[in-house]
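The lines below spell out each chain.
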Amino acid sequence: MTSKILKGKKGIIFGALNEQSIAWQVALKCRQEGADIVLSNLPIAIRFSDTEKLAADIQAPVFGADLTKIEDIEKLYAFCSRHFKKKKIDFILHSVANSLNIRKKHPYTELNYEYYQKTLDVSAVSFHKVLQVAYQKDVLNEWGSVVAMTYIAAQRIFPEYNEMSDAKALLEAIARNFGYHYAIRRNVRVNTISQSPVATRAGTGINGFMEFMDYADHMSPLGNAPVADLASFCAMLFSDYTRYITMQNIFHDGGFSATGLSEKLIHEMRGEIK
Ligand SMILES: NC(=O)c1ccc[n+]([C@@H]2O[C@H](COP(=O)([O-])OP(=O)(O)OC[C@H]3O[C@@H](n4cnc5c(N)ncnc54)[C@H](O)[C@@H]3O)[C@@H](O)[C@H]2O)c1
């Protein structure tokens, strides 16, 4: 189903690595809804991933950028300006994260602080950089919309989520704080979406991820929110139908965040569900 709610809109989507990536599915949906897109990811990720396939499917150019580097972000925005013939952009998706402490299996009580800084830089401060360069170079149109992907571990402890919980708390704070300034400057909206677990490369890097996903599914009255529905929700946040939603962290999680205990989980614990 498509209503072309993004007809005439231009956007940048960061983080589409493979078909499982959240950003990949959002890019497909936004294109279906009529948007013109520029895809971006780490140059090395582009080289060793399927991004070019997605690019061909949605007729989007791909531009490499490491979001921890201001000069890469500046070059990307300059490229977008050329590509879109000096027209400004309307939306940005930040769907980017990485944790070396998780990858190298350092628990939260034994963090390597160099890795920790890198995690915060890639997974949260990069969002500030994307916003700050856009703000200073006036890259976004009036009523533009910027979204970053987050997880409920910013509010509650999920031990295996490790240092990424801290990164997500910072990411959500950046959305709120920058959202204030960007609203005043240009009526630009900035939000985070807190999504149910999805089996992606970043997701499955977390120890016990499949059990974690199963647990969330049992605890959510609607079940885990599928990535296709997340993509539709993202497209709506980029559209003109949500012009007064800003500085929010919005749960797209089938009700998980508001549920204390579900009957389904009790039945599961009693061994009554096969
Ligand atoms: N998978 C889940 O369960 C889940 C749930 C909620 C939120 N999220 C969030 O969604 C976002 C996307 O993750 P995903 O699950 O689609 O995994 P993914 O591994 O497919 O995507 C992560 C992307 O980040 C990119 N990246 C890493 N370092 C970068 C850098 N320095 N510069 C630019 N790009 C960089 C990677 O190349 C990759 O494309 C992340 O912020 C993640 O925390 C994921």
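An unreviewed UniProt entry lists the protein chain under the name Enoyl-[acyl-carrier-protein] reductase [NADH], from Arachidicoccus rhizosphaerae. Quoted verbatim from the Pathway (unreviewed entry) heading of the UniProt record, the comment on the protein chain is "Lipid metabolism; fatty acid biosynthesis." Regarding the protein chain, the relevant UniProt record gives this comment under Catalytic activity (unreviewed entry): "a 2,3-saturated acyl-[ACP] + NAD(+) = a (2E)-enoyl-[ACP] + NADH + H(+)".

*Asks:* Could you give me a rundown of the nonpolar core, with the residues and numbers involved?
*Replies:* I13, A23, V26, A27 and C234 are the most contacted members of the largest nonpolar core, which totals 73 residues. Excluding its chain neighbours within four sequence positions, the residues that come into contact with V26 are I13, L93, S95, A231 and C234.

*Asks:* Could you give me a rundown of the sheet that holds strand 6 (residues 189–195), with the residues and numbers involved?
*Replies:* Pairing is parallel across the open sheet formed by 7 strands, whose spatial order is 3-2-1-4-5-6-7. Edge positions in the sheet fall to strand 3 (62–64) and strand 7 (249–252), since each has one partner strand and no second. Ignoring strand direction, the axes of neighbouring strands in this sheet form an average angle of 20°. When strand 2 (residues 36–41) meets strand 3, the two strands line up parallel, connected through 3 bridges. Each bridged residue has a counterpart across the sheet, and for L39 the counterpart in strand 3 is V62. Its contacts with the sheet put helix 1 (residues 22–32) on strand 1 (10–14), strand 2, strand 4 (89–94) and strand 5 (140–150), and the angle it makes with strand 1 is roughly 165°. Taken strand by strand, helix 3 (residues 51–58) contacts strand 2 and strand 3, and its axis lies near 175° from that of strand 2.

*Asks:* Summarise unusual backbone geometry; cite the residues concerned and give the values.
*Replies:* Within the chain, Q59 stands out as a residue other than glycine whose phi angle is a positive 50°. Tracing the backbone through its elements, the reader meets Q59 in the loop between helix 3 and strand 3. Of the residues examined, Q59 has 9 C-beta atoms within 10 Å and is grouped as exposed. Positive phi is not limited to glycine here, since N162 has a value of about 55°. Here N162 shows up in the loop between strand 5 and helix 7 (164–186). Residue class for N162 comes out buried when judged on the 23 C-beta atoms lying within 10 Å of it.

Reading the values: rules and limits
- Residue numbers run consecutively from 1 along every chain, following the written order of its sequence.
- Owing to the predicted nature of the model, reporting of local features is limited to residues with pLDDT of at least 70; listing and counting of side-chain atom pairs is limited to 80 or more, with chain, interface and lining totals taken over all residues.
- UniProt positions are given in the numbering used here, feature names are shortened, and annotations may be inferred rather than shown by experiment.
- Joining buried Ala, Val, Leu, Ile, Met, Phe, Trp, Tyr and Cys residues through C-beta atoms within 7 Å gives a set, and that set is a nonpolar core.
- Here exposure depends only on C-beta density: within 10 Å of a residue's C-beta, 20 or more other C-beta atoms make it buried, 12 or fewer make it exposed, and intermediate numbers make it partly exposed, the C-beta atoms being placed from the backbone.
- Note that contacts rest on C-beta atoms placed from the backbone: two residues are in contact if these are within 7 Å.
- Pairs of strands are assigned from DSSP output, requiring at least two bridges between the strands.
- Helix and strand definitions here come from DSSP, where helices need a minimum of 4 consecutive H or I residues and strands a minimum of 2 consecutive E residues; each element is numbered from the N-terminal end.
- Helix axes are fitted to C-alpha atoms over the stretch in contact, other axes to C-alpha atoms as well, and angles between N-to-C directions run from 0 to 180 degrees.

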